[in-house]
Each structure stands twice: as C-alpha cells, then as structure tokens.
2 protein chains.
Amino acid sequence: MASDVVLSYSGGLDSTILLYRFLAEGKRVSALGFNYGQRHQRETISAKEICRRTGVEYKLVDISALNPIFGRSALTNSEVAVPHGHYADATMKATVVPNRNMIFLSIAGAYAISIGAKYVSFAAHAGDHTIYPDCRPEFAQAFDKALGLADWRRVELLAPFLNFSKVDILRSATQLAVPLEITWSCYEGGDVHCGLCGTCIERKEAFSLAGLKDPTIYRE
Amino acid sequence: MASDVVLSYSGGLDSTILLYRFLAEGKRVSALGFNYGQRHQRETISAKEICRRTGVEYKLVDISALNPIFGRSALTNSEVAVPHGHYADATMKATVVPNRNMIFLSIAGAYAISIGAKYVSFAAHAGDHTIYPDCRPEFAQAFDKALGLADWRRVELLAPFLNFSKVDILRSATQLAVPLEITWSCYEGGDVHCGLCGTCIERKEAFSLAGLKDPTIYRE
C-alpha cells in the first residue's frame, strides 16, 4: 500500500491525534500496532476501529514473543503491579518497557523501506521525558540519524509532539474532529479506564487543563 | 542470567567466531537468535548446538510475524529466488532484509537493559558493506549513539569485526578452537550448504584465502 508515513500507532490519545494531523496535512498513513504482551491490548481494538473509520491501513504485528525479554516492566509482567498516582511520579518508572520505542520504530522503519514511505513517526511528547528515556528529543534525534543510514535510501523520523505537553496535543485536536472517546490510554486494560493509573490521571488532567469535556468512562 | 554482552547470534561463521572471542576475553555472553521467517532457519539449529557446547544462554526469539513487513527480500519471501554468484555482486541486494540489524540490535538492547548487560554486539564485517547498508560503520556508530540514549543507563554497541574481511575473521579464529564445521551460512537453508548462493561462495573463498581446510559439505 503506498504511504508517506508509517506511524507507530497505539490507539491512545496522542498517536490518534497525530494520525488525524497527518491526514489533515494530506499525508497517506500506514499504522502499525504491536502486540508485545502488554496488559492493555485493549488499545489495539481502539486502534483498529479508528483506522477502519479513517480508511487507514492498520497492521497489528505480533511480537508477543518478546515479552520475557522485557523483564520486570509493569506493563508486560503480570507479577508487577501497575503503579497508581501521577504520571510524572518516580513510581511510574515501573511502567517503562525497555527499548520499546526503538523496537517499534525499527519495525516501522523496515516497513517504510519495504513500501517506499519517506517517514516513520511516533507521538512521544514532553510529558513523557522524565519517565521514558526513549521519548526524549535527544533519543529521537539520534534514532533519526541511525535510521537514515539503515538503508541506501534515507527514511526520516517525524516526531512533531516532542515538545508538546499533553494539553497542547489535545488543544491541537479541536479542529480535527478526532473521535477522542474511542481512544484508549489505561495501562490496566479493563473494560473501562481505571482512572487511577498514571496514564488515566494524565488523561483526566489534560482534558481538564485544556478546558474540554472528557468523554472517557472511568471506573474510579 | 547475568551477562556482559547480548550478542545478535545467527549461528554463522562470523557471529560464532565473535562469540568465542568474547568468551576468550572472559566476557559473559547471552546469545539472541531470531526466527524472522528466513528460508535458512537451519542456522538456528547450529546456533543452539554451539551455545549448548559453550554453556552460553541462547534465546530464540520468534518474530516471524514480521515476515510480511520485509516485503520482497529473497531471504524471507518464498516467491523471490536466492541469487547465485559472488557475495559482492549487485544481484545480492535481493538478499537485503530491510532494517534487519536495527530490529535485532534493538531487541538485543531491550534484553541488555533488562538484565543489566553493558553491551550489545553483532558481527558485521567489511565484506558486508557494499550490499547491506545496516552493516556499515556509519550505521553502527549512529546506532550506538541512539542505543546509548534509549535508557537512563548507557548500553554500548560492540562491533569489533566492522573493518575485518571474512578472511581476517577466519584467521582470528585459529587460536580459539571454534567448531567451524557446525556453523551455518547458506541462504537456501537445505540439509547441506548449496555451494552456489552468495554466502556459500563467500564462505568457500574465505577458507581458501585464509589457507584453512574447509570442513563444510557443499551440494555443488
């Protein structure tokens, strides 16, 4: 399928808004989702539905065999509890999945090379920087350089939200008619958002600070 | 398992010699092999056997779901023939698997972060440079920088064969008692080496130029 951008796409708020932004810019997008043994595989149902609505190609890639490689991350190891509290708390470091973005973006890079896409992209944002090392601008810049040398043709990394807060991202969506109610954030991955884990707290707070009605159903 | 190096390990000549070199240096090694839908999965049998002999941890990671992502590579697409001829021929570009090393090394990086290993490694060598863009020194250098920023703790890339020819690598093995007869190169992946594909030709030539007896059984 001809595409301009291969997007690492979770079905969450940030990457969904990024998807709509690219479409509004006239870019052709292929979305890659990943099953990596995460508790919240629920997110891939959201991703698939949003791609269906937008007519975007969605490929769900099963790399769940990597689960043991990820060790003691709370997102992939059922023996480790998902921490409650604020997204920026030090306890959230339990939710780091080692080298996740490099793995996802490398696979996106392979697909971009295969189909002749010029870009790969992810929706890392400024709120991630203190917890997730592979969301920092310096990582993105270094990854872009490596990816540009991985093939004879240069593929580039687009990460337009690197210096946006989650509130900035939400505000940027107001003209884009994004179905925010379908997006999935919760790390627990139940039937509804738990309302207590770091990403639920961040989600609630972002809607509130952006002055937008939060369409999410939270258990707590 | 405590390790110093996570090695991207195919069971071929180069990475096997690199494994023995690390062991001779007193490094503790974990070896990662990959099932990515390659024709020559036969190589993983060699890898497993060599790890058994050396007491090295071997993890075979199943990422065969990536197969369609790799498009029209002759190594992963059964509709595309493996080219015969010299390893350095332009026709060998059909054997490039897009972004393979970045994917393998990213997964090795995740494991290194999980288990506290200081290094990841691969056995790219100078003979690869004209065919495989992700074996070039400039790629390795850029990847090392990105990997070093992917976690809060720096993990480094070791690629000591980057400027070695295959003959140099073979010669470096003479003191290491490497069971070269168990290693697997052939891209066709039959019961014995085909003797005609690029990597078989390269293997034969390297033994000959190094003045070593070639223990390999070739069909042709």
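Refer to the structure printed above.
Position numbers for residues count from 1 along each chain, tracking the sequence in the order it is written. Going through the entries in the order they are written, you letter the chains from A and number the ligands from 1. Local features in this predicted model are restricted to residues of pLDDT 70 or higher, and side-chain atom pairs are both shown and tallied only at a pLDDT of 80 or more, whereas totals for entire chains, interfaces and linings draw on every residue. Side-chain metrics rest on all non-hydrogen atoms present in the structure, leaving aside hydrogens and water.

I tried to follow the sheet that holds strand E5 (residues 156-158) of chain A on my own but got confused; where do I start?
Strand-to-strand pairing in sheets goes through backbone hydrogen bonds, with the strands running parallel or antiparallel. All names here are of chain A. In this analysis, strands are considered paired if DSSP registers two or more bridges between them. Helix numbers and strand numbers start at the N terminus; a helix is a DSSP run of H or I with at least 4 residues, a strand a run of E with at least 2. Pairing within the open sheet is parallel, and its 5 strands lie in the order E3-E2-E1-E4-E5. Lying at the two open borders of the sheet, with one neighbouring strand each, are strand E3 (57-62) and E5. Ignoring which end each strand starts from, the neighbouring axes of this sheet average 25° apart. As paired elements, strand E1 (residues 5-8) and strand E4 (residues 119-121) share 3 bridges and run parallel to each other. Each residue of the ladder has a partner; that of Leu-7, found in E4, is Ser-121. Any two residues whose heavy atoms approach within 4.5 Å at even a single point are treated as in contact. Note on geometry: axes are C-alpha line fits, over the in-contact stretch for helices, and angles between N-to-C directions span 0 to 180 degrees. Across the sheet, helix H3 (residues 100-115) lies against E1, strand E2 (29-35), E3, E4 and E5, angled at about 140° from E2, the strand it touches most. Across the face of the sheet, helix H4 (residues 137-148) comes into contact with E4 and E5 while running at roughly 150° to E5.

Could you clarify how one ought to interpret the interface of chain A and chain B in this entry?
It is common to give the size of an interface as the accessible area that goes away when the parts come together. Each side of the interface is counted separately: chain A has 40 residues, and chain B has 40 residues. Take a side-chain nitrogen of Lys or Arg and a carboxyl oxygen of Asp or Glu: if they are within 4 Å of each other, that pair is a salt bridge. Where chain A meets chain B, there are 0 salt bridges. For the side of chain A that touches chain B, the secondary structure elements donating two or more residues are E3, H3 and H4 of chain A. Considered class by class, the residues forming the side of chain A that touches chain B number 25 nonpolar, 7 polar and 8 charged. Gly is placed with the polar residues, together with every amino acid not listed as nonpolar (Ala, Val, Leu, Ile, Met, Phe, Trp, Tyr, Cys and Pro) or charged (Asp, Glu, Lys and Arg).

I tried to follow the relation of the copies chain A and chain B on my own but got confused; where do I start?
Two chain copies, one operation linking them: a rotation about an axis together with a shift along it. Once chain A has been moved 0.0 Å along the axis and rotated by 180°, it coincides with chain B to within an RMSD of 0.0 Å. When the rotation and shift are considered jointly, the pair of chain copies conforms to a two-fold rotation axis. Both copies present the same face, since 100% of the interface residues in chain A are matched by interface residues at the equivalent positions in chain B. Here the copies are superposed with least squares, the fitted atoms being C-alpha atoms of residues at a pLDDT of at least 70 in both.

Would you take a moment to explain the environment of Asp-191 of chain A for this structure?
Tracing the sequence through the fold places Asp-191 of chain A in the loop between helix H5 (166-172) and helix H6 (198-210). As for Asp-191 of chain A and His-40 of chain A, which are separated by 151 residues in sequence, their C-alpha atoms are 10 Å apart.

What's the story with the pairing of strand E1 (residues 5-8) of chain B in this structure? I'm lost.
Two faces, one strand: in a regular strand the side chains alternate between the faces of the sheet. Three exposure classes are used, based on accessible area relative to the maximum for each residue type with a 1.4 Å probe and protein chains only: buried under 20%, partly exposed in between, and exposed over 50%. Neither face of E1 of chain B is left uncovered, since the one carrying Val-5 and Leu-7 of chain B and the one carrying Val-6 and Ser-8 of chain B both have all their residues buried. Running through helix H1 (residues 13-24) of chain B, the crossover from E1 of chain B to the neighbouring parallel element strand E2 (residues 29-35) of chain B is right-handed. Crossovers are described as right-handed under a simple rule: with the strands pointing away from the observer, the path leading from the first strand over the helix to the second runs clockwise.

Even after reading the chapter, I still don't get the nonpolar core, so can you show me in this structure?
Nonpolar side chains tend to gather and get buried jointly when the protein is soluble and globular. Among the buried residues, those of types Ala, Val, Leu, Ile, Met, Phe, Trp, Tyr and Cys that are joined through side-chain atoms within 4.5 Å form a nonpolar core. Counting 100 residues, the largest nonpolar core has Ile-63 of chain A together with Ile-63 of chain B as its most contacted members. Elements that contribute at least two residues to this core include exactly E2, H3 and H4 of chain A together with E2, helix H3 (100-115) and helix H4 (137-148) of chain B. With residues near it in sequence (within four places) discarded, Ile-63 of chain B still touches Ile-63 and Leu-66 of chain A together with Phe-34, Asn-35, Tyr-36, Ile-103, Phe-104 and Ile-107 of chain B. Within the second largest apolar cluster, 30 residues are counted, among which are Ala-47, Ile-169, Leu-170 and Ile-182 of chain B.

What should I look at first to understand the state of the cysteines in this one?
Two cysteines form a disulfide when their sulfur atoms are joined by a covalent bond. Residue and element names in this part refer to chain B. A pair of cysteine sulfur atoms is labelled a disulfide when the two atoms are within 2.5 Å. Applying the stated criterion to the full structure yields 0 disulfides over all chains. Cys-135 takes part in no disulfide bond, and the closest cysteine sulfur to it belongs to Cys-197, at a distance of 16 Å. Note on Cys-186: no disulfide assigned, nearest cysteine sulfur contributed by Cys-194 at a separation of 3.7 Å.

What's the story with helix H2 (residues 42-54) of chain A in this structure? I'm lost.
Residues lying three or four places apart along an α-helix face the same way, a consequence of the helix completing one turn every 3.6 residues. Residue and element names in this part refer to chain A. An ideal rise of 1.5 Å per residue puts 18 Å on 13 residues; H2 measures up with 19 Å between its terminal C-alpha atoms. What H2 keeps buried is the set Glu-43, Thr-44, Ser-46, Ala-47, Ile-50 and Cys-51. The buried residues of H2 occupy an angular sector of 155° when projected down its axis, which confines them to one face. For H2, the exposed residues set more than 90 degrees away from the buried face come down to Ile-45, Lys-48 and Arg-52. Buried residues along H2 sit against helix H1 (13-24), E2 and E3. Among the residues trailing H2, Gly-55 stands out with phi positive, at a value near 70°. Multiply 1.5 Å by the residue count of a helix minus one, and that product is the helix's expected span. By construction, the arc corresponds to the directions joining the helix axis to the C-beta atoms.

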